[in-house]
Amino acid sequence: MYKDLFRHSLRALVRQKSYVFINILGLATGIACSLIITLFIIHELSYDNYHEKKDRIYRLILNGKISGQEVKVVSTASPIGPTMKAELPEVENFLRINGWGETIVKYEEAFFTEDYFMEADSSFFEFFSVPLIRGNKKTALTAPHTLVISETTAAKIFGSADPINKMLRVGTDSTRYRITGVFRDIPETTHFEANMIGSFMTNPRANDKEWLSNSFSTYVLLNPEARPESVNAKMDGMIVKYVGPQILKYLGISIKDFLTQGNKYNIYLQPLSEIHLDPSIQQDLKPAGDPKYLWIFGSIAVLIILIAAMNFMNLSTAQASKRAKEIGIKKVVGSSRGILIGQFITETILLSFLALMVAVMITEISLPYFNKLLDLRLNIGYFANWYTIPALLGLSLFIGILAGSYPAFYMSSFNPYTVLKGKLRSSRGNINLRSVLVVLQFAISIVLISGTLIMFRQIRFMLNKDLGFDKENVLVIQRADAIGSHINDFKTTLAKIPGIISVTASTAVPGHGNNNNGYTIKGRPEETFLMQTNWVDFDYLKVYGHKMLAGRFFEKPNATDVDACIINQEAAKDFALVKPFETRIIRTDGNGETQTVLPVVGVVKDFHFESLRSEITPHVMMFKTEDIQWGYFSIRLSPSASQQTIREIEKTWQNFTGNDPMQYFFMDKDVEQMYKAERQNANLAIVFTVIAILIAALGLYGLTSFTVQQRTREIGIRKTFGASVGRIWYMIAKEILILLSISLAIALPLIYLVADNWLSNYHYRINPGAADFIYGFAIAVFIAITTISYRAIRAALENPAVSLRYE
């Protein structure tokens, strides 16, 4: 029975070549898109899943609030991990990580740029399942100035030679590091990146007792029976015990009074599994993914599959009349309705399996493009997991049943007497269903088009918005500490190079902040104020072009400026500084014993120091003396500066640093890089939107073709009585245009809800306007009209004598 069912289904498909081609192409494209999106979602959800102790590993998050400014950061104090292990029975061990980022490494006379250097405690290999293929994982990072390197890094620096016990110079450290191990490359699906890991004991703050100096990522490994809620409940007591005395020391108030003022100082545990998809946490070791995009692309995958399934239903029911006699004859010779339903669903499943094979080929061909677009290494891995192939077959089976059920039940319901007499007419219910499916298809298409347009408008807004400083033609050199105490000499030498307008040294530059500090204001001792801090020199304003709202910038003739400060207008507003030049900001040094009183000499117009996702916060600039050697050099180039200018800068740098490679970036490109994820996701969205529209258009073309076939004689009669080509085109297109108008009405509220939800990620954002909806509708109408016009006009131009003979 099943063999006959399969044979009859296969023969039926062979007889319907054009119908089969359109459906396979539509279904295959939909399945391919869904496969790629599914691979992306699985990739994002699989972060850190490979660690054996993943369910017991937690990261500490500092949730602080001062003067109304709330932050959630991974930065914690050095002593918190050791203290938790010593005092909390739930904590089995701790791990501290300090990410350096890009670092210069020297072996013998060769220099190497390592992108991801970090410091970690010796417990690193106990926490994370990163195999150490050379060395002892328990002792590899116990001693200061020891490090382990990745396989790839070992091959790059040492080739086939044994790297163990080789000595490297790291950064500007005069003491060489000894290599004690080689680890397998860390998988991409890890929330941090590292190709070199140095011992945390090298860090001068490894044994620090300061609880208010938050600079490191801290992890804890809980005992198997411990619960994170129990640890969280004990953190308040630990904060009162250790942070409280230091708040009193530095700010002069008790922690009780500090919290009573509306401030907050809370530390809680974040499960390892939640790290990658939590973009609310700042200063992460690796940019977090946004779960909203998983929902967006997951929804797109489902919508594309639905569009493909709707196409199938539309085309199947529309061409039912072509199979009416076949169905009538089968019923007359004894075929039951159940057998016919089985045949039609089997046909659909066969189509779906053929579409799956085509989809796999499409996926394999297009994956390299998507991997390049997303900077990922996605692959299907057919035999990597036991469930991959069954899942693909299951997806194909599901789509086949989903798309084929209604057409099967509809066509099997035909009355054999009616169809054999040639009296079959499309029922109103069938026509209405086809109309509903077209409306849904194009409502989805309008939502996707308008949503993509809004995404690109927001990205363009972010890239073109006035940031409050001039980002063009600014070259930024990293690792200023490599110059040592020769900062002024270096600047003077650079200023002589043709093409350089001005040079400045600072501890931070836009997009690369590194200090959030607490301050008090003279006369308001019980209040604490949090500000982004940047130490800058006299030339900072010349390079970045900030606008002064009041007062002045630092000036060389004013010797007292070394103990003055400049604030932004947000600080003046947030702190209610009615007379800012009468304000004295008080900074307490690291030991809590020395206070520096800083008069405000200028107020700078607000500028975006971080991305437009973040709100502008209070900012203070203090004068950078030569003893502050770390940070950046920023160089304003003339628009006509050439590569020769950059080569001269590099040559000067090497003369001052003993041939160290110069690490640098251009500020405008760096600002663009802040929105890399948005651009990637927007490009991905437009690709899938185009595909969804093409699938819908493919179905619309097929539907129009069948409509024209059914009305061929009517068209011939109308032409005989003088109907023009335009009139016949309007007759065929009218229904589609009405349905598109209904689609717009359905799409409008959906577009607004989706766009508003996505734009809520950005503090500075566009507002969706009527143009976004109109453009989306106009594009959908254009595609629909283009799709149906070819078939409709061709039918209108046919000789009416031929049309009238059509059966």
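Here, every reference points to the structure presented above.
Residues numbered from 1 in each chain as written. Predicted model: local features only at pLDDT ≥ 70, side-chain atom pairs only at ≥ 80, totals over all residues. Heavy atoms only, no water.

Participant: Hey, could you go over the pattern of salt bridges for me, with residue numbers and the actual values?
Facilitator: Evaluation of the coordinates by the stated rule reveals 22 salt bridges. Between arginine 184 and glutamate 151 there is a salt bridge, with the nearest N and O atoms lying 3.2 Å from each other. One end of the pair, arginine 184, is in the loop between β9 (177–183) and β10 (196–199); the other, glutamate 151, is in helix α5 (residues 151–158), and 33 residues separate them in sequence. The class of arginine 184 is partly exposed, set by a relative accessible area of 40%. For arginine 479, the salt bridge is made with aspartate 660, and the minimal N-O distance between the two is 3.6 Å. Of this pair, arginine 479 sits in the loop between β13 (474–477) and α14 (487–495) while aspartate 660 sits in the loop between α17 (643–657) and β23 (664–666), and the two are 181 residues apart along the sequence. The class for arginine 479 is buried, based on a relative accessible area of 12%. (Salt bridge = Lys/Arg side-chain N within 4 Å of Asp/Glu carboxyl O. Helix = DSSP H or I, 4+ residues; strand = E, 2+ residues; numbered from the N terminus. Buried < 20%, exposed > 50% of the residue type's maximum accessible area, 1.4 Å probe, protein only.)

Participant: Give me the environment of glutamate 92: which residues, what numbers.
Facilitator: Topologically, glutamate 92 is positioned in strand β4 (residues 91–107). Taking the C-alpha atoms as reference points, glutamate 92 and proline 224, 132 residues apart in sequence, are found 9.0 Å from one another. Setting aside chain neighbours within four positions, we find glutamate 92 in contact with Arg56, Lys85, Glu126, Leu221, Leu222, Asn223 and Pro224. (Contact = heavy atoms within 4.5 Å.)

Participant: Describe in detail a nonpolar patch on the surface, supporting the description with residues and values.
Facilitator: Where nonpolar side chains cluster on the molecular surface, the patch consists of Phe456, Ile686, Val690 and Leu694 and spans about 320 Å² of accessible area. Top element by residues in the nonpolar patch is helix α19 (residues 676–710). It accounts for 3 residues. Examined against the element boundaries, leucine 694 turns out to sit in helix α19. Taking relative accessible area as the criterion, leucine 694 reaches 54% and is therefore assigned exposed. (Patch = residues over 30% accessible without salt bridge, like charges linked within 9 Å, V, L, I, M, F, W, Y side chains within 5 Å. Areas by Shrake-Rupley, 256 points an atom, 1.4 Å probe, with all protein chains shown as cover.)

Participant: Give a detailed account of the environment of valine 170, specifying residues and quantitative values.
Facilitator: The topology assignment puts valine 170 in strand β8 (residues 167–170). Considering only alpha carbons, one finds valine 170 and histidine 145, 25 residues apart in sequence, at a separation of 9.5 Å. Apart from the residues within four sequence positions on either side, valine 170 is in contact with Trp100, Thr103, Ile104, Phe117, Leu147 and Tyr177.

Participant: Describe the packing of helix α21 (residues 725–759) against helix α22 (residues 770–796), and please don't skip the residues or the numbers.
Facilitator: The contact between α21 and α22 brings their axes to 9 Å, and the two run at 155 degrees. Here α22 runs roughly antiparallel to α21, going by the angle between their axes. Remark: the crossing between α21 and α22 carries right-handed chirality. In terms of residue class, the contact of α21 with α22 is built from 22 nonpolar, 2 polar and no charged. (Axes fitted to C-alpha atoms, helices over the stretch in contact; angles between N-to-C directions. Parallel < 35°, antiparallel > 145°, perpendicular 65-115°, else oblique. Left-handed = near helix turned anticlockwise from the far one by under 90°. Nonpolar A, V, L, I, M, F, W, Y, C, P; charged D, E, K, R; others polar.)

Taken by themselves, the reported measurements are silent on function.
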